[in-house]
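Structural overview
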Amino acid sequence: MNKRISLWRPLFFVLMLLVLYLPILILAVYSFTDATTIGAIRGFSLHNYVTLFTTPELQTMILGTLALAFGAAAIATVLGTLGALGAFYARPRIRSAVQTVNQIPVINADVVTGFSLCVLLVVVLGISKDTFIPLVAGHVVLCAPFVFLNVMPRIRQMDPAMYEAALDLGATPRKALSQVVIPQIMPGIVSGFGLAVTLSLDDYFIATYTKPATFNTISTYVVNATKGSQTTIKTALWALSTVIFAIVILFVAAMNYRASRQEKRREKEDV
């Protein structure tokens, strides 16, 4: 029985890797060919990458998506961190209520969030989509709860007496927060910001309901491009997917390398 289990474990692991990464790898291979559809592989070509980085329409779309992602993630990180700090130092009932309310946007469907924000901001309050306010607000609402969830565990791991000790030593509440509390929870803030950027880049439904008519994110552009007839644009998106996947791999590898180095330093210091 144990031998069967030991044989199935690596097979199951390999199967899961194939399901997760084989479609992406196939797309990456085709991005380096001159094929117009997924099928027979033609000759090697960098045409898709040249189109990706030289087409003004694609450049505007990518830069706009990045600006939206980092801007919304920055606002969401500030709000999520302040919310986590406020909930942690609040009374137990208030803390429980805040954590419960924070779960609603996480569990709620994106299509419901996007449509409700569009109704509230555009229809009820009369804010034009051309101002980008509904779009940014929608992404902040999407990302802030996840920042909250990343920061709160770090605050719980922190010794609460450190903040009180800083106040007893003469530090102002603002100085104690910026020089004592924030450095302790910085890994949670950084991970929350990274997750917020990823969520904003990946969002489709909220952007669809709240974006200006002349603006496209990567997600909305990809969906619209697959319905069109411009073959060169479609194949250039294969290259875009490959670039995004490569950046993610490099980022994860760098973070793991940094974490392993920090762990080795701690082990040396303990010895």
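Here goes a summary of the coordinates provided. (Residues numbered from 1 in each chain as written. Predicted model: local features only at pLDDT ≥ 70, side-chain atom pairs only at ≥ 80, totals over all residues. Heavy atoms only, no water.)

**Here we look at the overall build of the protein chain**
Stated precisely, the cut-off is as follows: For helices the rule is a DSSP run of H or I covering at least 4 residues; for strands it is a run of E covering at least 2, with both sets numbered from the N terminus onward. For each residue, the accessible area found with a 1.4 Å probe, counting protein chains only, is set against the maximum for its type, and the residue is called buried under 20%, exposed over 50%, and partly exposed in between. Note on definitions: a residue-residue contact is assigned when non-hydrogen atoms from the two residues lie within 4.5 Å. The accessible surface values rely on the Shrake-Rupley method and a 1.4 Å probe; as for residues, cover is taken only from the protein chains in view. In this charge count, Lys and Arg are treated as positive and Asp and Glu as negative; neither His nor the chain ends contribute. By convention, charge coordinates are those of NZ in Lys, CZ in Arg, CG in Asp, or CD in Glu.
Secondary structure summary: the protein chain contains 11 helices and zero strands in total. The linear arrangement of helices and strands in the protein chain, starting from the amino end, is α-α-α-α-α-α-α-α-α-α-α. A principal-axis box enclosing the C-alpha atoms of the protein chain has dimensions of 70 × 65 × 40 Å. Among the 271 residues that make up the protein chain, the fraction classed as buried is 31%. Expressed as a percentage of contacts within the protein chain between residues at least 6 apart in sequence, the contacts between residues at least 24 apart total 69%. Surface summary for the protein chain: the accessible area is close to 17100 Å², and the carbon and sulfur share equals 68%. Averaging the locations of the 21 positively and 13 negatively charged side chains of the protein chain gives two centres separated by 5 Å.

**Topic: unusual backbone geometry**
Even without being glycine, F132 reaches a positive phi, approximately 65°. The partly exposed category is assigned to F132, whose relative accessible area is 34%.

**As for the packing of aromatic side chains**
This is how it is decided: Only Phe, Tyr and Trp rings are paired, with Trp represented by its six-membered ring, and only when their centres lie within 6.5 Å; those with planes under 30 degrees apart are stacked, over 60 edge-to-face, the remainder tilted. Note on geometry: a ring has a charge over it if NZ (lysine) or CZ (arginine) is within 6 Å of the ring centre and within 35 degrees of the ring normal.
For the coordinates displayed, the defined rule picks out nine aromatic pairs. Consider the rings of Y30 and W238, whose centres lie 6.1 Å apart with planes at 80°: the pair is edge-to-face. On the criterion of sequence distance, the pair formed by Y30 in helix 1 (residues 2–31) and W238 in helix 11 (residues 231–270) is long-range, its members being 208 residues apart. Here Y30 and W238 have matching classes, each one buried. When the ring of Y204 is compared with that of F205, the centres are 5.3 Å apart and the planes differ by 70°; the resulting orientation is edge-to-face. Judged by relative accessible area, which is 26%, Y204 ranks as partly exposed. Assessed through its relative accessible area of 41%, F205 is described here as partly exposed. Clustering of aromatic rings is evident, with ring pairs tying together F32, F44 and Y49. Lying across the ring of F88, R95 places its NZ or CZ 5.8 Å from the centre.

**A few points about helix 8 (residues 173–202)**
Basically, it comes down to this: Expected helix span is given by 1.5 Å per residue-to-residue step, counting one fewer step than there are residues. A residue's bend is given by the angle between axes fitted to the 7 residues ending at it and the 7 residues starting at it.
Between the first and last C-alpha of helix 8 there are merely 38 Å, a value that for 30 residues lags more than 12% behind the 44 Å anticipated at 1.5 Å per step. Along helix 8, the largest kink reaches about 55° and is centred on M186; proline P187 follows within four residues of it. Listed in full, the buried residues belonging to helix 8 are A176, V180, V181, I185, G188, I189, G192, A196, V197 and S200. The inward-facing, buried residues of helix 8 abut helix 3 (56–88), helix 6 (133–157) and helix 7 (161–168).

**Notes on the packing of helix 4 (residues 92–107) against helix 6**
The condition is simple: The angle between two axes is taken between their N-to-C directions and runs from 0 to 180 degrees, where each axis is a line fitted to C-alpha atoms and a helix contributes only its stretch in contact. Between 65 and 115 degrees an angle is taken as roughly perpendicular, under 35 as roughly parallel, over 145 as roughly antiparallel, and anywhere else as oblique. Here a crossing is taken to be left-handed if its near helix is turned anticlockwise relative to the far helix by less than a right angle, and right-handed if that turn runs clockwise. Lys, Arg, Asp and Glu make up the charged group, whereas Ala, Val, Leu, Ile, Met, Phe, Trp, Tyr, Cys and Pro make up the nonpolar group; the residues left over, Gly among them, are polar.
Running from N to C, helix 4 and helix 6 point in directions that differ by 135°, and their axes come no closer than 8 Å. Relative to helix 6, helix 4 is oriented oblique. Helix 6 is crossed by helix 4, and the crossing has left-handed handedness. Across the interface between the two elements, V98, Q99, N102, Q103, P105 and V106 of helix 4 pack against V141, P145, F146, F148, L149, M152 and R156 of helix 6. Broken down by class, the residue content of the contact of helix 4 with helix 6 amounts to nine nonpolar, three polar and one charged.

**Comments concerning the side chain of T65**
With respect to the element layout, T65 can be found in helix 3. Among residues more than four places away in sequence, those in contact with T65 are L201, F215, N216, T217 and I218.

**Brief notes about the nonpolar core**
The following threshold applies: Side-chain atoms within 4.5 Å link the members of a nonpolar core, which is a set of buried Ala, Val, Leu, Ile, Met, Phe, Trp, Tyr and Cys residues.
If you look at the biggest cluster of nonpolar residues, it comprises 26 residues, and the most contacted ones within it are A84, V151, M152, I155, V181 and I185. Sorting the residues of this core by element identifies helix 3, helix 6, helix 7 and helix 8 as the ones contributing at least two each. When sequence neighbours within four positions are dropped, the list of residues in contact with I155 reads A84, L85, F88 and I185. Formed by 13 residues, the second largest nonpolar core is a distinct cluster that contains L52, Y221, A239 and L240.

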